[in-house]
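Residue-level structure breakdown
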Amino acid sequence: HGLFYGGAAQFAAGMWEFATGNTFGASAFTSYGAFWISLAAFLWAHQGGLFAGAQEIDMFIYFMVWGALSALLWVITFRINKALVVVFGSLVLLFLLLAIGEYSTGVHKAAGYVGLFCGGSAIYTGYATLLNETWKGTFLPIGPYASPSSDAAELKAEP
């Protein structure tokens, strides 16, 4: 699942977002598509003995790097909508807990619960966005913020 739906499909979605001019969507979908592809490749190689010497520190670093990228993207979501703030905020927490969870079973279990919340909030955000755009209204709220283009127009209007 991770390689194809999480990886290839998200990577392709990122390319489609790029084609529509949505830089954030392109960056996020392409990055997380690459995450799932690289995670699947790493796990397969590890299970096949290619990385026989791999230790917890390898996954700790891997998850921390993805957590750092997620934190950078999370900051950007504050200019998009509140639903994405929740998705990316919980994603940052998830990667942090996954990293620490390499050394603690209890923390790893907590990461599972945060992952369920993160996934659920992502499903809600995606569905709400699709529903609202398709039906041209707000049927499921996502809490939009002011767009940078509207801020720029306000700045130009001021003397």
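Below: a short report on this structure.

Rules used in this analysis
Residues numbered from 1 in each chain as written. Predicted model: local features only at pLDDT ≥ 70, side-chain atom pairs only at ≥ 80, totals over all residues. Heavy atoms only, no water. Axes fitted to C-alpha atoms, helices over the stretch in contact; angles between N-to-C directions. Helix = DSSP H or I, 4+ residues; strand = E, 2+ residues; numbered from the N terminus. Parallel < 35°, antiparallel > 145°, perpendicular 65-115°, else oblique. Left-handed = near helix turned anticlockwise from the far one by under 90°. Contact = heavy atoms within 4.5 Å. Nonpolar A, V, L, I, M, F, W, Y, C, P; charged D, E, K, R; others polar. Buried < 20%, exposed > 50% of the residue type's maximum accessible area, 1.4 Å probe, protein only. Polar contact = N/O pair within 3.5 Å; in protein donor to acceptor, adjacent residues only side chain to side chain. 1 Å grid on protein atoms, 1.4 Å probe; cavity = no way out; pocket = protein on both sides within 12 Å on 5 of 7 lines; lining within 4 Å. Points joined across faces, edges and corners; volume = space filled by probe spheres on them. Core = buried A, V, L, I, M, F, W, Y, C linked by side-chain atoms within 4.5 Å. Expected span 1.5 Å × (residues − 1). Phe/Tyr/Trp six-rings, centres within 6.5 Å; stacked < 30°, edge-to-face > 60°. Patch = residues over 30% accessible without salt bridge, like charges linked within 9 Å, V, L, I, M, F, W, Y side chains within 5 Å. Areas by Shrake-Rupley, 256 points an atom, 1.4 Å probe, with all protein chains shown as cover. Salt bridge = Lys/Arg side-chain N within 4 Å of Asp/Glu carboxyl O.

1. What to know about the packing of helix H4 (residues 82–101) against helix H5 (residues 105–135)
- Contact geometry of H4 with H5 gives a least axis separation of 8 Å together with a crossing angle of 160°. Taken together, the axes of H4 and H5 are roughly antiparallel relative to one another. Like other packed secondary-structure pairs, H4 and H5 cross with a definite hand, here left-handed. Of the residues in H5, those touching H4 at Ala83, Leu84, Val86, Val87, Ser90, Leu91, Leu93, Leu94, Leu97, Leu98, Ile100 and Gly101 are Val107, His108, Ala110, Ala111, Val114, Gly115, Phe117, Cys118, Ser121, Ala122 and Thr125.
- Along the lines of polarity and charge, the residues of the contact of H4 with H5 split into 17 nonpolar, six polar and no charged.

2. Description of the side chain of Thr30
- Considering the arrangement of structural elements, one finds Thr30 in helix H2 (residues 23–47).
- Judged by its relative accessible area of 16%, Thr30 falls in the buried class.
- Looking at Thr30, its side chain comes within polar contact range of the main-chain oxygen of Ala26, at 2.7 Å.
- With residues near it in sequence (within four places) discarded, Thr30 still touches Gln10, Phe11, Gly14, Met15 and Gly25.

3. Let's talk about the layout of surface pockets
- Each pocket or cavity is described by its volume, and for the largest pocket that value is around 1600 Å³.
- Along its surface, the largest pocket is lined by 42 residues, and Gln10, Phe29, Val87, Phe88 and Ala122 are the ones closest to its centre.
- A class-by-class count of the residues in the lining of the largest pocket yields 25 nonpolar, 14 polar and three charged.

4. Some remarks on the nonpolar core
- Formed by 22 residues in total, the largest nonpolar core has its most connected members in Tyr32, Phe35, Tyr62, Phe63, Phe88, Leu91 and Phe95.
- Listing elements by their share of this core, those giving two or more residues are H2, helix H3 (56–77), H4 and H5.
- The element that contributes the greatest number of residues to this core is H4, accounting for nine residues.
- Residues in contact with Phe35, not counting those within four places in the same chain, are Tyr62, Phe63, Trp66 and Phe95.

5. Description of H4
- Helix length check: H4 (20 residues) gives 28 Å between terminal C-alpha atoms against 28 Å at 1.5 Å per residue, within 8%.
- Sitting at the amino-terminal end of H4 is Asn81, which places a side-chain oxygen 3.1 Å from the backbone nitrogen of Ala83.

6. A few points about the packing of aromatic side chains
- This model, assessed by the stated rule, comprises 13 aromatic pairs.
- Three or more aromatic residues link up through ring pairs in this structure, and these residues are Phe24, Tyr32, Phe35, Trp36, Phe42, Tyr62, Phe63, Trp66, Phe88 and Phe95.

7. Comments concerning a nonpolar patch on the surface
- Residues Ile57, Ile61, Val65 and Tyr103 make up a contiguous nonpolar surface patch of about 390 Å² in total accessible area.
- With respect to the helices and strands, the residue Ile57 is situated in helix H3.

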